[in-house]
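Inside the fold
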Amino acid sequence: MSTTTSEQMDTRILDGKALSRRIKDEIAVEVAAWVDKGHRKPHLAAVLIGEDGASRTYVDHKVKSCAQVGFESTLVERPADISQEALLDIVHGLNENPQIDGFIVQLPLPAHIDDQAITEAVSAKKDVDGFHPSNMGNLALGLPGFVPATPAGIMTMLERFGIETEGKHAVVVGRSSIVGTPMSLLLSRAGTPGNCTVTLCHSRTQDLAAHCRRADILVAAVGRPGMITADMVKDGAVVVDVGITRVEDSTAKRGFRLKGDVAYAEVAPKCSWITPVPGGVGPMTIVSLLRNTLDAAQRAAAGH
Ligand code: GUN
């Protein structure tokens, strides 16, 4: 985006949609070569419980993306009143199925299901979401393992757009176990991208705005539309918006619009780089899930 007034930055867009297309093409080439060597196609399964509209949309995107890169996919759908035991049986079946390389159980799950028990039941070798404690532990220790797809996608985005991270101050807002916490680990660990000094902010942080204003790289992962306002952002910052909240809007075709955590119109002119919502982080999450699934297939074939 070009801007006109002298105080405004020449903001550039971290276009996750375009980048994800390019990386999907790269994965498709790798898959074709893998299959040419005599391997079967990588196979991702997704478990969707209940009727949550947003979860269905995400899972549909994941399944559709499998076909785009030459993977097999299986969607396992069950009603919201499924028992914990029945869901555990599904997870055990997928763990033991040699035709499945990796699988995910879409979150959130209904309130009567113990998420943690389900996450821990997934074989770490097929845990392409990277949520199992052993994958989280490997991430914390800098050891190989599956990295959760959203933070992995953000790191890929920073790398591919050539964003300098070395020695920078990164502020992550939100400490969820699937985004904020792993994001803070990835940004702080030695490597490129990485080597940031990281501040992890959360609901008990005092003077959130002051912390955010010190960020060279600001990652917002809270799920509160528009909470990051222009006064919270330093001139020239790189802003990554993980929020994708559905906000009712009768003028929109589907009756809602997706809103990020960042008040885009007022924040974008201050940034050197910013992700749009939609079309920023979301497509990168899917690409990372595909990458993890291909890695799972290759590791299984190598006997790891
Ligand atoms: N719900 C929101 N994000 C995710 C994700 O990355 N994986 C799963 N399984 N559920 C989610």
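In what follows, the structure referred to is the one given above.
Attention in this report is confined to the structure presented alongside it. Given the structure is predicted, the values throughout are model-derived calculations rather than measurements.

1. Some details on the sheet that holds strand β6 (residues 197-201)
- In spatial order, the strands read β1-β11-β8-β7-β5-β6; together these six strands make up an open sheet with parallel pairing. Each edge of the open sheet is held by one strand with a lone partner, namely β1 (12-13) and β6.
- Summarising the sheet, strand β5 (residues 169-173) and β6 pair through five bridges and their orientation is parallel. Among the inter-strand pairings, V171 is bridged to a residue of β6, identified as T199.

2. Quick notes on the pattern of salt bridges
- Counting across every chain of the model gives seven salt bridges.
- Where R160 meets E26, a salt bridge forms, and the shortest distance between an N and an O atom there is 2.8 Å. Taken together, the residues R160 in helix α6 (residues 149-160) and E26 in helix α1 (residues 16-36) connect sequence positions 134 residues apart.
- Ionic pairing is found between R257 and D249, a salt bridge with its closest N-O pair at 2.5 Å.
- Because the salt bridges share partners, they merge into one network encompassing E30, R291 and D295.

3. Considering the site of the ligand
- Surrounding the ligand, one finds K62, V105, Q106, L107, D129, F131 and I178.
- At 2.9 Å from a nitrogen atom of the ligand is found a main-chain nitrogen or oxygen belonging to V105.
- Between the ligand and Q106, the relevant distance is 3.2 Å, taken from a nitrogen atom to a side-chain nitrogen or oxygen of the residue.
- Burial of the ligand by the protein chains amounts to 82% of its free accessible area of 280 Å².
- Partitioning the shell around the ligand into residue classes produces four nonpolar, one polar and two charged.

4. Section: empty space enclosed by the protein
- Here the structure, examined in full by the defined rule, presents one cavity of 30 Å³ or more.
- Here the largest cavity is characterised by a volume of approximately 100 Å³.
- Taken together, F103, I104, V105, L107, L109, D115, I118, T119, V122, D127, D129 and F131 make up the lining of the largest cavity.
- Looking at the lining of the largest cavity, its residues break down into eight nonpolar, one polar and three charged.

Here is what the cut-offs are and how they apply
- Residues numbered from 1 in each chain as written.
- Predicted model: local features only at pLDDT ≥ 70, side-chain atom pairs only at ≥ 80, totals over all residues.
- Heavy atoms only, no water.
- Pairing = 2+ DSSP bridges.
- Helix = DSSP H or I, 4+ residues; strand = E, 2+ residues; numbered from the N terminus.
- Salt bridge = Lys/Arg side-chain N within 4 Å of Asp/Glu carboxyl O.
- Near = heavy atom within 4 Å.
- Polar contact = N/O pair within 3.5 Å; in protein donor to acceptor, adjacent residues only side chain to side chain.
- Areas by Shrake-Rupley, 256 points an atom, 1.4 Å probe, with all protein chains shown as cover.
- Nonpolar A, V, L, I, M, F, W, Y, C, P; charged D, E, K, R; others polar.
- 1 Å grid on protein atoms, 1.4 Å probe; cavity = no way out; pocket = protein on both sides within 12 Å on 5 of 7 lines; lining within 4 Å.
- Points joined across faces, edges and corners; volume = space filled by probe spheres on them.

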